[in-house]
Amino acid sequence: MTGHGRSGGRPTLEEVALRAGVGRGTVSRVVNGSPGVSARTRAAVEAAVAELGYVPHRAARALAADRADAVALVVPDPQAPFFPGGSFVEVVRGVGAALADTDVQLVLALAGGERERRRLEGFLSGRRVDGVLLVAAGAGDPLPELAVRLGIPAVLGGCRSAAETLPSVDCDDREGAAAAVRHLLERGRRAIAAITGPLDAYGDRRRLEGYRQALAAAGRPVDELLISAADPTAEGGRQAVRELLERRPALDAVFAACDPLAVGALAGLRAAGRRIPGDVALAGFGDTAAARYLDPPLTSVRQPGEEMGRAMARLLLERIAAGRGAPGAEGEEPVLLPTRLVVRGSSWNVPGGGEGNAEGPGPLPRTGAFPQGE
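Residues numbered from 1 in each chain as written. Predicted model: local features only at pLDDT ≥ 70, side-chain atom pairs only at ≥ 80, totals over all residues. Heavy atoms only, no water.

Draft legend 1. Looking closely at the pattern of salt bridges. Inspection of the entire model under this criterion finds 16 salt bridges. One salt bridge connects Arg160 with Glu145, and the closest N-O pair in it is separated by 3.0 Å. One end of the pair, Arg160, is in the loop between strand 4 (154–157) and strand 5 (168–171); the other, Glu145, is in helix 7 (residues 143–150), and 15 residues separate them in sequence. With a closest N to O distance of 2.6 Å, Arg238 and Glu235 form a salt bridge. With Arg238 and Glu235 both in helix 10 (residues 234–247), this residue pair falls three residues apart, about one helical turn. With a relative accessible area of 36%, Glu235 lands in the partly exposed category. (Salt bridge = Lys/Arg side-chain N within 4 Å of Asp/Glu carboxyl O. Helix = DSSP H or I, 4+ residues; strand = E, 2+ residues; numbered from the N terminus. Buried < 20%, exposed > 50% of the residue type's maximum accessible area, 1.4 Å probe, protein only.)

Draft legend 2. Quick look at the packing of aromatic side chains. Across all of its chains, the model carries zero aromatic pairs by this definition. In this arrangement the basic side chain of Arg187 is found over the ring face of Trp348, its NZ or CZ atom lying 4.0 Å from the centre. Taking the ring centre of Phe285 as reference, the NZ or CZ of Arg207 above it sits at 3.9 Å. (Phe/Tyr/Trp six-rings, centres within 6.5 Å; stacked < 30°, edge-to-face > 60°. Lys NZ or Arg CZ within 6 Å of the ring centre and 35° of its normal.)

Draft legend 3. How the structure looks around the nonpolar core. Ranked by internal contacts, the top residues of the largest apolar core, which has 46 residues, are Val181, Ile195, Tyr211, Leu251, Val254, Phe255 and Leu282. At the level of elements, helix 8 (173–186), strand 6 (192–196), helix 9 (202–217), helix 10, strand 8 (253–256), helix 11 (259–271) and strand 9 (281–285) are the ones that each hand at least two residues to this core. The dominant element in this core, judged by the number of residues it contributes, is helix 8, at six residues. Once residues lying within four places of it in the same chain are set aside, the contact partners of Phe255 are Ala177, Ala180, Val181, Leu184, Ala193, Ala194, Ile195, Arg207, Ala283, Gly284 and Phe285. The next biggest cluster of nonpolar side chains, apart from the first, holds 21 residues, and it includes Val75, Val104, Leu133 and Leu315. (Core = buried A, V, L, I, M, F, W, Y, C linked by side-chain atoms within 4.5 Å. Contact = heavy atoms within 4.5 Å.)

If you want it as C-alpha cells, here you go:
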C-alpha cells in the first residue's frame, strides 16, 4: 500500500492522520517542522508518512505559510546589447544553479511590451512570487519601484545609476573597459577611438569612464574627436567608425563598448580599406558568441553571466528570509563582479602587419591579464 491512499491515488493528509491516530492539524505541524508536538506523536506521524509514501503538496504548504515558494526573473529585453552579464542564458543558468538546492521555483517573465508589463504588474500585485530578479532595468523602468511599493523583495541585475537604492549585482564595466584600452596601448596603439552606446545608460557611461581612465593612467590626452556615441547595433558601429575616420584618419585602434558595435566597426574599417589588426586594432565588450567567429576573431571583455545569476539569486533569497521588501534609506552598495579580457586576433599584431592573424610579435598570450580566447 506504500505510496497510495485508500483510493489508490496520492496519499492525503487525512489518511496519514488516520494511520497515525492523530488529528489532521498534528500531521500538518509535523510535516512543516512546527514545534509543540511530542516526540512520541512525531514518531507515529513520521512512521505513517513513510509507510504511505506521503509527499506534502508544495502549493498547499506554501499557502499555509503565506509563501509562494517561487521567484520571478524579469527581463525587459533579453536581446539588449548591453545586457548585464553578456548572455541571458548564462544568467538564467546561474539563477537556476543557486535555486537548485531549495524548494523555490523560478518563473521567467518578459516585460518588453506594454501588454506584458501590465500583465506582470497584476502578477506581482497578486503575490504570486516571493521575490523578483530584475535584469537590465532602465532608468525609467517602473517595475523596480512597483516591487518596492508592494513590499516584494527585489534584486537588480545591473545598476540604473550611481545612486541605485535597490540591492544589485553588476559587472565592473569601468575596469573592463580600462583593461581593453590598456591592452591596445600595450600593443603600441596611440590614437585609440571609443564607440559607445547612448550615454543616458549607466553602463555606457561607466565604460567610457574606463576608456578615459586608462588613457589618463598612461599619460595620454583624451581626444574628444576620437569618441562617438551611437545606436548600440552593428549599423550604429559602422556609421560611427566612418565618422571617426573622417575626423581622425590616423586612428589606429577602436574600443567598442559592446560587441554589436564592434561588428559594425569592423565592417566599416574594411570598407575604408583598413586592415584589422594591421592598420587598426579592435576590441569589443560582452564576448558574445559571434566574437570568436568573426574574421579575425574579436578581442572582447567577458562578463561573468553565470556568476552574476548566482549572486543575484543568493542575495534575493537572503532578503526573502529576512523579510526585507524595501531598500534602506541610503540604498546598498552594489555587488561588483570582475570581468576578463579575452584576447583574439583583432588586436594581436603590430602596426603595419597582416590582417586577421595572430602573428608578428608572437603567439597570443596564454597566461596573465589577457588569456587567449577560445
